[in-house]
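Residues per chain are reported as follows:
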Amino acid sequence: MSKNPIILEERKSFVLSNQKKQESIIDCEKDSVSGAVSQRACVYCGARVVLNPVTDAIHLIHGPIGCASYTWDIRGSLSSDNENYRNSYSTDLREEDIIFGGEKRLEAAIDEIMESKSPKVIFVYATCVVGVIGDDLKAISKKKSQEYNIKVIPVQSSGFAGNKKDGYKAACHALLELMGPKEEKEKDYFEINYLGDFNLAGEAWIIRNYLSEIGVKVNVTVTGDATCEAIEKAGNAHLNMVQCAGSMTYLAKQMQLKYNIPFEQVSFFGVTDTAKSLEKIALLSGDKKIIERAQNFVREQVETANIELKKYLERLKGKKVAIYVGGGFKAISLIKQFEDMGIRSVVVGTQTGKEEEYKKIKELTEEGTIILDDTNPSELEYFLRKTKADILVGGVKERPLAHKLGVAFIDHNHERKHPLCGFVGAVNFAKEVDLTVNSPVWSFIEKKGGEAYVYEEEFYTLERQSL
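Keep in mind it's a predicted model, so treat the numbers as computed, not measured. (Residues numbered from 1 in each chain as written. Predicted model: local features only at pLDDT ≥ 70, side-chain atom pairs only at ≥ 80, totals over all residues. Heavy atoms only, no water.)

Novice: Please clarify how the packing of aromatic side chains should be interpreted in this entry.
Specialist: Two numbers describe a pair of aromatic rings. These are the distance of the centres and the angle of the planes. Summed over the entire model, instances satisfying the criterion amount to 6 aromatic pairs. Ring centres 5.8 Å apart and planes at 85° place the aromatic pair Y194 and F268 in the edge-to-face group. Within this pair, whereas Y194 is found in strand β6 (residues 191-197), its partner F268 is found in the loop between β9 (263-265) and α10 (271-285), the two being separated by 74 residues in sequence. Like F268, Y194 is buried. (Phe/Tyr/Trp six-rings, centres within 6.5 Å; stacked < 30°, edge-to-face > 60°. Helix = DSSP H or I, 4+ residues; strand = E, 2+ residues; numbered from the N terminus. Buried < 20%, exposed > 50% of the residue type's maximum accessible area, 1.4 Å probe, protein only.)

This is how it looks when you write it as structure tokens:
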């Protein structure tokens, strides 16, 4: 990157301007630069994202009460049955516990939960302060497991000990501990595990219905609308399909070692990727009937979706989008989805993208597209203004920035309440993009990030000097 007033010297290798002729590689998969105000979530958050949708487990947070504020109400995974997961339980550690240790309080909390709830599984999450004072979660979990003859599973998720990605791994270890042995009985039908869908707004149900239409059974979705019993039987599937690569690729690799279950990557965002993913699963089944059903189903669904999408294409053509999401695979799907709508990606960033994903992003985007790893609000604002993006796609942390700049915003994170996956989700997405970017509100306010904004280098220079 050329000299820039807003990018810290230590951050420059994490920012790339796409130059096709250059072999430049962006820096990624590293800890955040100290003081750079990363948008990444902590280890504990990563673990909760993955485990919280397990509907009938007790989620016990060993730490100060504030950490328990992460609940179902923040991330709306849906359940078809049990709703234990909607509550957060906490040991509510106080100053005295920090000084003398919180293990007795953790034991008392488990006793109280057993007396009132009698669960079969309790996940015990470590928070930052527990990592500092050194409470032995593993020993207490083992003791209580034996005492009550249930599974008390420690989740080693002290917030400061890494980043969100490490939380994913901690959650995967907890899931592996929950999974039971593989049954020897052979099945006369094709069955998969669907990893990395958290059933936001019922998305896992949409995909499950698609798979049912083509004759593929889903053993368990990990972890959207999953029960502990279903996860215990995860080792019995023929194949693991991974939707959220960032959180679930590690689990898929571990299950391949433990159960000899192969895995494949899929994406159900956008018409093209949804169609390809269904056809891929059908081909992997090796069953001619499933392949034929999939081809017919995909053909019908694509035709229907394209008729709906056509209504929006003329209104969206020529717009520019900035994407900042958690994982690289989702960013890749979004680039393709926006391209199908005639919208150009001018900024693409992720919190936890991998080197091979950034190479793909570089391949898919045009010359000059800004690619960011683990960016911060200042950089994001700078590039939103510089590229004059019309839309920002992100999560709850990016929303205020878009509103401040007068840029249309699309929530593509776990807080949303409407499905964006599958064929129906692709239509929902196009409709939402149209509603927000073509809203009449833009004619009443001064846009600062879009076409009407005049970029002021001097402003950033002064702002940087004042830090």
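Novice: Explain the packing of helix α1 (residues 43-51) against helix α6 (residues 164-178) to me, please; I cannot follow it from the model alone.
Specialist: Two quantities define a packed helix pair, namely the angle between the axes and the distance from one axis to the other. In contact at an axis separation of 6 Å, α1 and α6 are set at 45° when each is read in the N-to-C sense. Taken as axis vectors, α1 and α6 run oblique relative to one another. Crossing of α1 against α6: the hand is right-handed. Listed contacts from α6 to V43, G46, A47, V49, V50 and L51 of α1 are K164, D166, G167, Y168, A171, A174 and L175. (Axes fitted to C-alpha atoms, helices over the stretch in contact; angles between N-to-C directions. Parallel < 35°, antiparallel > 145°, perpendicular 65-115°, else oblique. Left-handed = near helix turned anticlockwise from the far one by under 90°. Contact = heavy atoms within 4.5 Å.)

Novice: Even after reading the chapter, I still don't get the sheet that holds strand β7 (residues 217-223), so can you show me in this structure?
Specialist: What links the strands of a sheet is backbone hydrogen bonding, and the strands pair in either a parallel or an antiparallel sense. The 4 strands lie next to each other as β7-β6-β8-β9, forming an open sheet whose pairing is parallel. Across the chains shown, the open sheet's two edge strands, defined by having one partner strand only, are β7 and β9. In this sheet, adjacent strand axes meet at a mean angle of 25° when their direction is disregarded. Summarising the sheet, β6 and strand β8 (residues 239-242) pair through 4 bridges and their orientation is parallel. Note on β8: the bridge partner recorded for Y194 is M241. (Pairing = 2+ DSSP bridges.)

Novice: Hey, could you run me through the pairing of strand β11 (residues 344-350) in this one?
Specialist: Along a regular strand, successive side chains alternate from one face of the sheet to the other. The element β11 is largely enclosed, with a buried count of 6 among its 7 residues. For strand β10 (residues 320-325) and β11, the ladder comprises 6 bridges, and the chain directions are parallel. For Y324, the partnering residue across the bridge sits in β11 and is G349. Traced from β10 through helix α12 (residues 328-340) to β11, the parallel crossover comes out right-handed. Crossover handedness for the path β11 to helix α13 (residues 355-364) to strand β12 (residues 370-373): right-handed. (Right-handed = clockwise from strand over helix to strand, strands pointing away.)

Novice: Whenever I open this one, helix α11 (residues 288-316) confuses me. Can you help?
Specialist: Each α-helix turn comprises 3.6 residues. Residues three or four places apart therefore point the same way. Here α11 contains 29 residues, and its C-alpha end-to-end distance of 40 Å stays within 8% of the 42 Å for a straight helix at 1.5 Å per residue. The sharpest bend along α11 comes to roughly 40°, located at K310. Within the span of α11, buried status applies to I290, A294, F297, V298, A305, L309, Y312 and L316. G318 occupies a position one or two residues after α11 and carries a positive phi of about 95°. (Expected span 1.5 Å × (residues − 1). Bend = angle between axes of the 7 residues up to and from the residue.)

Novice: What am I meant to see in the pattern of salt bridges here?
Specialist: Pairs may arise between side chains of opposite charge once their charged atoms sit close together. By the definition in use, this model includes 25 salt bridges. For K280, the salt bridge goes to E264, with nearest N and O atoms at 3.6 Å. Of this pair, K280 sits in helix α10 while E264 sits in strand β9, placing them 16 residues apart in sequence. By relative accessible area, which is 30% here, E264 ends up partly exposed. A salt bridge links R399 to D411; the nearest nitrogen and oxygen atoms lie 3.0 Å apart. With R399 in helix α15 (residues 399-405) and D411 in strand β14 (residues 408-411), the pair connects residues that are 12 residues apart, well separated along the chain. Assessed through its relative accessible area of 28%, R399 is described here as partly exposed. In this structure, a network of salt bridges that share partners links the residues E107, D111, K143, K144 and E147. (Salt bridge = Lys/Arg side-chain N within 4 Å of Asp/Glu carboxyl O.)

Novice: Would you explain unusual backbone geometry in this entry?
Specialist: Among all residues except glycine, the phi angle is most often negative; among peptide bonds, the trans geometry is most common. In this structure, the amide linkage connecting V222 to the following residue, T223, adopts the cis form with an omega of 5°. Note on placement: T223 falls in strand β7. Its identity is not glycine, yet E29 carries a phi of approximately 55°, on the positive side. Structurally, E29 can be placed in the loop between β1 (15-17) and α1.

Novice: Mind showing me how you'd approach the environment of F383 here?
Specialist: With respect to the helices and strands, F383 occurs in helix α14 (residues 377-387). Separated by 246 residues in the primary sequence, F383 and L137 place their C-alpha atoms 44 Å from one another.

Novice: Help me out: how do you make sense of the sheet that holds strand β3 (residues 89-90) in this one?
Specialist: Across the sheet, 4 strands lie side by side as β3-β2-β4-β5; this open sheet has parallel pairing. Both outer strands of the open sheet, β3 and β5 (151-155), are each paired with one neighbouring strand and no more. Relative to strand β4 (residues 121-126), strand β2 (residues 58-62) is paired through 5 bridges, and the arrangement is parallel. Bridge pairing in β4 places H59 opposite F123. Sheet strands in contact with helix α3 (residues 103-116) are β2, β3, β4 and β5, and its direction is about 160° off that of β2. Against the sheet, helix α5 (residues 137-148) makes contact with β2, β4 and β5, and its axis sits at roughly 170° relative to β5, the strand it touches most.

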